[in-house]
Number of protein chains: 2
Amino acid sequence: MASLGDLERSVMDLLWDSAEPLTANDLRDDLAALGADAKELAVTTVLTVLARLEKKGLVERERSTRPHRYAACSSREDHTVGLLNEALGTAQDREAVLARFIGGITADEAASLRAILDSVKSA
Amino acid sequence: MASLGDLERSVMDLLWDSAEPLTANDLRDDLAALGADAKELAVTTVLTVLARLEKKGLVERERSTRPHRYAACSSREDHTVGLLNEALGTAQDREAVLARFIGGITADEAASLRAILDSVKSA
DNA sequence: AGACGATTTCGACAGCTTGTAGAAGTCAAG
DNA sequence: CTTGACTTCTACAAGCTGTCGAAATCGTCT
């Protein structure tokens, strides 16, 4: 897959949280609002990051509208699942890892996991 | 955590697979044997990588013996679990991620997951 | 003690990624 | 056709990783 830098990650978070595609200017403003650190990035910086994210296959751009609009290709959850599988892929004994992993999740999560497993059992 | 490069990863794999701590020369030989590509790395290369892994907190070195001996700090599984939690940590709705994740694992793994959950249920 | 071989430490450098942006090109509207 | 917004191109500094050579060190053999 592709690991994300801090800024790339922030941009993806904004895109994931937005129902509509966003423009580079939207993102610049949102990023400034986020940090509240008065540190406005140059628009070109945002555009560069967006271009890189596009190359990585994480965002797609609408070139039809004049200020191009950018949207995430897949949901945040799907992306995270990809990361999980990537991490698991490097382990030969997936089950041993899963066992340890289960030990670390909360009771609530364990309960919902059980529920999920049950609902999938039919398949 | 710390992501690993290809060589760093190979070294960690060897250390994880070894019951005994290994020396840089052991590792150089093992690496050459692995690739079978006749490409022997310089020992200093291996030492550099080991120093970096030590700095990252992944391996510990015995300075008491003359050829220093290196061993992994934690098991491969624990490391992988760390990666999983790191990936999950960036997601707000862990359960949505877990749900999608379950959909992608094999039936066997689902079965063992169920078993693990059951065995942990008592806690 | 002195020399020698094995080991380790200290830079060093190239290539890739990420953050950051200026300069220049392009496009639509007036 | 001029202007202002938007995009593309190019660039550069840091940091990470692979890869070593040169130099310092350490144990040992004579």
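See the structure printed just above.
As the structure is a computational prediction, the values presented were derived from the model and not from experiment.

**So, the protein's contact with DNA strand D**
Thinking step 1. The local shell around DNA strand D holds 22 residues, among which His68(A), Asp6(B), Leu7(B), Thr48(B) and Arg52(B) are the closest.
Thinking step 2. Residue assignment for the surface near DNA strand D shows that the elements contributing at least two residues are α3 (43-55) of chain A together with α1 (6-17) and α3 (43-55) of chain B.
Thinking step 3. With four residues, α3(B) is the single largest residue contributor to the surface near DNA strand D.
Thinking step 4. Of the residues contributing to the surface near DNA strand D, the split by class is five nonpolar, eight polar and nine charged.

**A word on the interface of chain A and chain B**
Thinking step 1. Counting residues at the interface gives 36 residues for chain A, matched by 35 residues for chain B.
Thinking step 2. In total, about 3,500 Å² of surface goes out of reach between chain A and chain B, with carbon and sulfur atoms giving 68% of it.
Thinking step 3. The largest share of the area that chain A buries against chain B comes from Leu84(A), Phe101(A) and Leu117(A), three residues that together contribute 18% of it.
Thinking step 4. Across the chain A-chain B interface, the total number found is eight residue pairs in polar contact (both at pLDDT 80 or more).

**Considerations on the relation of the copies chain A and chain B**
Thinking step 1. Taken as rigid bodies, chain A and chain B are interconverted by a rotation of 180° and an axial shift of 0.0 Å, the fit giving an RMSD of 0.2 Å. Such a combination of rotation and displacement between the chain copies is what one expects of a two-fold axis. When C-alpha distances to the rotation axis are compared across chain A, the minimum falls at Leu84(A), with a value of 2.8 Å.
Thinking step 2. A share of 97% of interface residues in chain A that are also interface residues in chain B marks the association as one of identical surfaces.

**Some details on the pairing of strand β2 (residues 69-72) of chain A**
Residue and element names in this part refer to chain A.
Thinking step 1. Side chains Tyr70 and Ala72 project from β2 onto a buried face, and the interleaved Arg69 and Ala71 project onto a face without burial.
Thinking step 2. Summarising the sheet, strand β1 (residues 59-62) and β2 pair through four bridges and their orientation is antiparallel. Bridge assignment links Arg61 to a residue of β2, and that residue is Tyr70.
Thinking step 3. Hairpin connection between β1 and β2: a loop of six residues separates the two successive antiparallel strands.

**Re the environment of Val49(B)**
Residue and element names in this part refer to chain B.
Thinking step 1. Here Val49 is to be found in helix α3.
Thinking step 2. When its relative accessible area of 6% is taken as the criterion, Val49 is described as buried.
Thinking step 3. When the C-alpha positions of Val49 and Val97 are compared, they lie 34 Å apart, and in sequence the two are 48 residues distant.
Thinking step 4. Beyond its immediate chain neighbours, meaning those up to four positions away, Val49 contacts Leu7, Glu8 and Val11.

**Some remarks on the side chain of Arg28(A)**
All names here are of chain A.
Thinking step 1. Within the secondary structure, Arg28 is located in helix α2 (residues 24-35).
Thinking step 2. Residue classification places Arg28 among the buried positions, given a relative accessible area of 15%.
Thinking step 3. Other than its neighbours up to four places away in sequence, Arg28 contacts Glu40, Leu41, Ala42, Val43 and Val46.

**Concerning α3(B)**
All names here are of chain B.
Thinking step 1. A rise of 1.5 Å per residue sets the reference length of α3, with its 13 residues, at 18 Å; its end C-alpha atoms lie 18 Å apart and thus fit the reference within 8%.
Thinking step 2. For α3, every residue scored as buried is listed here: Val46, Val49, Leu50 and Leu53. The buried residues of α3 all sit within an arc of 100° when viewed along its axis, so they share a single face. Those residues of α3 that are exposed and angled more than 90 degrees off the buried face are Thr44, Arg52 and Lys55.
Thinking step 3. In this fold, the buried residues of α3 make contact with α1, α2 (24-35), β1 (59-62) and β2 (69-72).
Thinking step 4. Gly57 sits one or two positions beyond α3 and adopts a positive phi of about 80°.

Cut-off values and rules
Residues numbered from 1 in each chain as written. Chains lettered and ligands numbered in written order. Predicted model: local features only at pLDDT ≥ 70, side-chain atom pairs only at ≥ 80, totals over all residues. Heavy atoms only, no water. Near = heavy atom within 4 Å. Helix = DSSP H or I, 4+ residues; strand = E, 2+ residues; numbered from the N terminus. Nonpolar A, V, L, I, M, F, W, Y, C, P; charged D, E, K, R; others polar. Contact = heavy atoms within 4.5 Å. Buried area = accessible area lost by both parts, 1.4 Å probe. Polar contact = N/O pair within 3.5 Å; in protein donor to acceptor, adjacent residues only side chain to side chain. Least-squares fit on C-alpha atoms with pLDDT ≥ 70 in both. Buried < 20%, exposed > 50% of the residue type's maximum accessible area, 1.4 Å probe, protein only. Pairing = 2+ DSSP bridges. Expected span 1.5 Å × (residues − 1). Arc of directions from axis to C-beta.

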